[in-house]
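Structure assessment
For reference, the chains in residue letters:
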Amino acid sequence: MSSEKIIEHSEAAARFNKDVERVNWHDETLWFVREKRDRSAHQIADWELLRETASQIKNNVLSNIHDYLIEFEANAQKNGIKVHWAADAKEHNEIVHSIMAKHDVKQMVKSKSMLTEECHLNDYLAEKGIEVIDSDLGEYIVQLRKEPPSHIVLPAIHLKKEDVSETFHEHLGTEKGNIDPQYLTESARLTLRDTFLTRKVALTGVNFAIAETGEIVVCTNEGNADMGAHLADVHIACMGFEKLIPQRKHLGVFLRLLARSATGQPITTFSSHFKKPRDGKEIHIVIVDNGRSTQLGREDFRNSLKCIRCGACMNTCPVYRRSGGHSYHNAVAGPIGAILAPNLDMSKNADLPFASTLCGSCTNVCPVKIDIHDQLYKWRQVLVKEGHTPTSKTIAMNTMAKVLANPTIFNIAGKSGRFVMKNIPGLVNNKMNKWYDQREMPDVPEESFREWYKKNSRESKAKNNE
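Just so it is clear, the structure is predicted and the values come from calculations on it, not from any experiment. (Residues numbered from 1 in each chain as written. Predicted model: local features only at pLDDT ≥ 70, side-chain atom pairs only at ≥ 80, totals over all residues. Heavy atoms only, no water.)

Per the secondary structure count, the chain includes 21 helices and ten strands. With the C-alpha coordinates aligned to their principal axes, the bounding extent of the chain is approximately 100 × 55 × 45 Å. In the chain, which comprises 466 residues, the proportion classed as buried is 49%. For the chain, the accessible area works out to roughly 23500 Å², and carbon and sulfur atoms hold 53% of it. Separation between the mean location of the 62 positive side-chain charges and that of the 60 negative ones in the chain comes to 4 Å. (Helix = DSSP H or I, 4+ residues; strand = E, 2+ residues; numbered from the N terminus. Buried < 20%, exposed > 50% of the residue type's maximum accessible area, 1.4 Å probe, protein only. Areas by Shrake-Rupley, 256 points an atom, 1.4 Å probe, with all protein chains shown as cover. Lys, Arg positive; Asp, Glu negative; His and termini not counted. Charge placed at Lys NZ, Arg CZ, Asp CG, Glu CD.)

This is the structure:
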């Protein structure tokens, strides 16, 4: 696990915002994806019914998770799949490593898996002398750059084609300055093809695990998960326990929602079912808790476990679009990440629930109806009560509470503030006051609303008595 010092969201966002052109491009690109989602959703007459159905299916899963987990394990084992249980990230990483050690393998090809990002699997295996190649194109690009993904569906959305060209020239020897997307994609494909053919162990994530049949479903647009899993001798699939759905017939509901919410597509290009290993092959499924049981026990936040990782909340979030995924210092960025992260570590992630306008757009687009903005607001309350906010902010808010609770002090403070802003503006408009970093000083009013109201009320009464 990386020991790099965590940079708070506000500071990381400020760094991202220094490149105004890139910020605008990032904002517009993600909003374009959000608009595609809207057009696709509006083509489905029963879209809201689909959302409600998916939400209720997930409610059922979370309320009966113990039974479905036992059912899934039993059916998966009947199919010849080996099931492992991991309490936390450390145990997950150790299980994956033990499987590789058993087969005496030092190389792995991996498709997109946000759970392994959450568990920092790549770093762990690297320390054990194991080479991991991410085969999803976006993941591969950021891996070459030694960066984490900035988005759960579009891992390299923060990069332009010029950045990719430069990275590929450095690591793959492509033509310098060639920014043609087709050329760059083909170069990556040729390099990864050899990876697929030579790796004996492949790791994938899991989009859906079906309790009724003991099978897993992996959704990709590039087919890289299929290439890795089918060519390797050992397929390791890693999943958080919330990925369960009760029956195969429920899969249709989620597949209709997933790609439309993520990218505006009717369905992912590949929705692959893995039910039993072929002769001479192995399938291992690692079911991970890593704080999910704790979140399940938090009444106000358990609904966050419904998440199907579509990324729609990120694409619509005005803060995420203009601050970038890396500003969230967490495997899952954006609004849903800001709910999940404090559950893992309140002190390290206390800043994230405040990185929101609470506009509610995230809740509106969520395909499984997670009350995202409500949960962000509730996390703020929890974090303040638990003492995880900066001392300066706590003192400021306590002071404001006392001022607002006392009309006399409020009036004196208002008059003093207007005097200072008008006659000594430097005391307010300075580097100490973050509010004015990117704002202009407003015109100072001559009087408060209360004073204006009293004056106009007297004048109105005087006119009525004439």
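Moving on, we get to the domain arrangement of the chain. Reports often express the size of an interface as the amount of accessible area lost when the parts come together. Domains assigned within the chain are domain 1 (44–290) and domain 2 (394–465). Put simply, the middle of domain 1 and the middle of domain 2, counted by C-alpha atoms, are 55 Å apart. (Domains from an automatic or database assignment.)

The subject of this paragraph is the nonpolar core. Membership of the largest hydrophobic core comes to 54 residues, with the highest contact counts inside it found for Phe 208, Phe 254, Tyr 320, Ile 336 and Ile 372. Within the second largest apolar cluster, 26 residues are counted, among which are Leu 62, Ala 225, Ile 285 and Leu 305. (Core = buried A, V, L, I, M, F, W, Y, C linked by side-chain atoms within 4.5 Å.)

On to the packing of aromatic side chains, then. Under the defined criterion, the tally for this structure stands at six aromatic pairs. Here the aromatic rings of Tyr 140 and Phe 168 are separated by 6.5 Å at their centres, their planes lie at 55°, and the arrangement is tilted. With Tyr 140 in helix α8 (residues 137–144) and Phe 168 in helix α9 (residues 161–172), this pair connects stretches of sequence that are 28 residues apart. Seen from their ring centres, Tyr 320 and Tyr 328 are 5.9 Å apart, and the 35° between their planes marks the pair as tilted. (Phe/Tyr/Trp six-rings, centres within 6.5 Å; stacked < 30°, edge-to-face > 60°.)

Of note, Asp 104 is a non-glycine position whose phi angle comes to about 55°, a positive value. Here Asp 104 lies in the loop between α5 (89–102) and β2 (107–110). We classify Asp 104 as exposed; its relative accessible area is 65%. Despite not being glycine, His 329 shows a phi value in the positive range, around 35°. Within the secondary structure, His 329 sits in the loop between α15 (318–323) and α16 (334–344).

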